[in-house]
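Fold and geometry: a report
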2 protein chains.
Amino acid sequence: MGKLMIVGIGPGNYENMTIRADRALAACDVIVGYHVYVDLVKDQYPGKEFLTTPMTKETQRCQMALDAAREGKTVAMVCSGDSGIYGMAALIYELRGDSNQPEIDVIPGLTAACSGGALLGAPLTHDFAVISLSDRLTSWEKIETRLDCAAKADLSMVLYNPASHGRPDHLRRACQILLRTLPEDRLCGVAQNIGREGENYRLMTLKELKDTKADMFSTVFIGNEMTKQIGQQMVTPRGYRDV
Amino acid sequence: MGKLMIVGIGPGNYENMTIRADRALAACDVIVGYHVYVDLVKDQYPGKEFLTTPMTKETQRCQMALDAAREGKTVAMVCSGDSGIYGMAALIYELRGDSNQPEIDVIPGLTAACSGGALLGAPLTHDFAVISLSDRLTSWEKIETRLDCAAKADLSMVLYNPASHGRPDHLRRACQILLRTLPEDRLCGVAQNIGREGENYRLMTLKELKDTKADMFSTVFIGNEMTKQIGQQMVTPRGYRDV
């Protein structure tokens, strides 16, 4: 019986991968994943067997990884960012069910809240919520409630999947919900292509964010009431200066 | 003029550090930090100058790091977990102010939401809130509002700093707040000493969590309404199986 490692590769560049993730990918026989993520690591780990599926085929992809491990191979399923946070670890545990074979090893990686936050400065020094704007697997009503509650609780926010071809207006709709509670000048930031070619970020107000185009490779940060711009950075103080 | 790198070292073990963090610590002249975190990396990077301060001296510690960089040294300020999330990056930007010297490089690391989540299984597959139970720099009233809102929004939660010597009952008080909204049998987990000696975790109900002792090295996970136990793991499905 082989082994299935679920590997969070972080934002995409080699340097932002953990040493554990690097060792797992170097040691495995097979790398399985969404083709965009497999392409990010392919050149670094030559001589592996690569198995890919398109974006919406998550169950098929995870089953493929479990099957390869059951055939005796050491398999690495790569996830962008973390292996658990919006990643494949849960689905793999579900598909394996009550069996304890094959052995599963969940290897964490930098989620965009960490890697994007570092790019923008320090927007998440204090309590925050991570919310995906994709309604493929969640009702929009639930997303709306979560945005509304996070705004009322003065939580900073990180919005994952702010837009895609199929839902170009989700970021605008989210901003409209937030603007019921938050002021128009609330500091926000958009990080794009973190750790990949074309990496960039912009800071702006919540009002400006409402009219900003985002894509599948964008991560959006909403400040809390303390968040401010220092130089080119988005910074949420925690209050250490006052003690 | 030197340079100040703020390095998230992850949970504490070498393997869970990113390649970028490892390279930064290998390249620097001086490692600055809270003494417990400096002790975690000391043996791995011999021959460095080490500067430490006690726990509540954050401003002094960051000023020390800025001063060393201004003297021309390459300085690494180590933070447990991420460099931004409850880390020192914001305070360093605040203390540097409008100057752009010394150069600052924020290097992200695995926060306990990622590393603890991987240990427990996959508790954070979906939207979640990260909330610290320390009221040293935040009013308890604000913490209470955040817990209450997160529960009402069906967000999974990660509770940082669930207890310390000075506030042994904060986890119990937090559970009492959550129990106004969430059922007693809501699945929860406590991870301890992640990536360090004595690493362990326990799964339990929210009712049991209320009477559980936690310490400064514990991270608490509260499931959402979909979270379930599969084998020994805490798993929050995202819904891929249904599409």
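Residues numbered from 1 in each chain as written. Chains lettered and ligands numbered in written order. Predicted model: local features only at pLDDT ≥ 70, side-chain atom pairs only at ≥ 80, totals over all residues. Heavy atoms only, no water.

As a further point, take the relation of the copies chain A and chain B. With an axial shift of 0.0 Å and an RMSD of 0.0 Å, the rotation relating chain A to chain B amounts to 180°. Read as a symmetry element, the transformation amounts to a two-fold axis. Interface overlap between copies is the fraction of interface residues in one copy that are interface residues in the other; for chain A against chain B it reaches 100%, indicating a shared surface. (Least-squares fit on C-alpha atoms with pLDDT ≥ 70 in both. Contact = heavy atoms within 4.5 Å.)

What follows covers the interface of chain A and chain B. Contact with chain A, which involves 70 residues of that partner, is made by 70 residues of chain B. Here chain A is connected to chain B by 12 salt bridges. When the shortest N-O distance is used, the salt bridge between Arg23 of chain B and Glu15 of chain A registers 3.1 Å. The tally of links from chain A across to chain B stands at 32 residue pairs in polar contact (both at pLDDT 80 or more). Of the residues contributing to the side of chain A that touches chain B, the split by class is 31 nonpolar, 21 polar and 18 charged. (Salt bridge = Lys/Arg side-chain N within 4 Å of Asp/Glu carboxyl O. Polar contact = N/O pair within 3.5 Å; in protein donor to acceptor, adjacent residues only side chain to side chain. Nonpolar A, V, L, I, M, F, W, Y, C, P; charged D, E, K, R; others polar.)

Turning next to unusual backbone geometry. Residue Gln101 of chain A is joined to Pro102 of chain A through a cis peptide bond whose omega torsion reads -5°. Tracing the backbone shows Pro102 of chain A in the loop between helix 4 (89-96) and strand 5 (103-107). With phi around 50°, Asn161 of chain B is a residue other than glycine that occupies positive phi space. Looking at the secondary structure, you find Asn161 of chain B in the loop between strand 8 (156-160) and helix 7 (170-178). Judged by its relative accessible area of 26%, Asn161 of chain B falls in the partly exposed class. (Helix = DSSP H or I, 4+ residues; strand = E, 2+ residues; numbered from the N terminus. Buried < 20%, exposed > 50% of the residue type's maximum accessible area, 1.4 Å probe, protein only.)

This brings us to the confidence of the model for chain A. Overall, the prediction assigns chain A a mean pLDDT of 95, with 98% of residues at 70 or greater. At the level of chain-chain contacts, confidence expressed as ipTM amounts to 0.96, with global pTM at 0.97. (pLDDT = per-residue confidence, 0-100.)

With that settled, consider the sheet that holds strand 12 (residues 228-230) of chain B. All names here are of chain B. Taking strand neighbours across the sheet as the criterion, the three strands line up as 6-13-12 in an open arrangement whose pairing is mixed. Sheet topology places strand 6 (121-122) and strand 12 at the edges, where each strand pairs with a single neighbour. Two strands pair when backbone bridges link them, and strand 12 and strand 13 (residues 233-235) are joined in this way by three bridges, in the antiparallel orientation. Looking at the pairing, Lys228 lines up with Val235 of strand 13. (Pairing = 2+ DSSP bridges.)

On the secondary structure map, Ser132 of chain B appears in strand 7 (residues 128-132). Take Ser132 of chain B: its relative accessible area is 2%, and that puts it in the buried class. Polar contacts involving the side chain of Ser132 of chain B include one to the side chain of Asn161 of chain B, which spans 3.0 Å. Setting aside residues no more than four positions away along its own chain, Ser132 of chain B makes contact with Asp127 and Arg238 of chain A together with Tyr86, Ile143, Tyr160 and Asn161 of chain B.

Turning our attention to the sheet that holds strand 13 (residues 233-235) of chain A. Pairing is mixed across the open sheet formed by three strands, whose spatial order is 6-13-12 (chain A). Two strands bound the open sheet, and with one partner strand each, they are strand 6 (121-122) and strand 12 (228-230) of chain A. Here strand 6 of chain A pairs with strand 13 of chain A via two bridges, running parallel. Note on strand 13 of chain A: the bridge partner recorded for Gly121 of chain A is Met234 of chain A. Sheet strands touched by helix 4 (residues 89-96) of chain B: strand 6, strand 12 and strand 13 of chain A. Its angle to strand 13 of chain A, the strand with the most contacts, is close to 115°. (Axes fitted to C-alpha atoms, helices over the stretch in contact; angles between N-to-C directions.)

A few words on the environment of Gly87 of chain B. Here Gly87 of chain B is to be found in the loop between strand 4 (74-79) and helix 4. Distance in space between the C-alpha atoms of Gly87 of chain B and Gly10 of chain B is 11 Å, their sequence separation being 77 residues.

When the charged atoms of two side chains with opposite charge come close together, those side chains can pair. In total, this model carries 28 salt bridges over all chains according to the counting rule given. Its salt-bridge partner being Asp148 of chain A, residue Lys152 of chain A comes within 2.8 Å of it at the nearest N-O pair. Here the residue Lys152 of chain A and the residue Asp148 of chain A both occupy positions in helix 6 (residues 140-152), the gap between them amounting to four residues, near one helical turn. Members of the salt-bridge network, linked through shared partners, are Asp127, Asp154 and Glu225 of chain A together with Lys142 and Arg146 of chain B.

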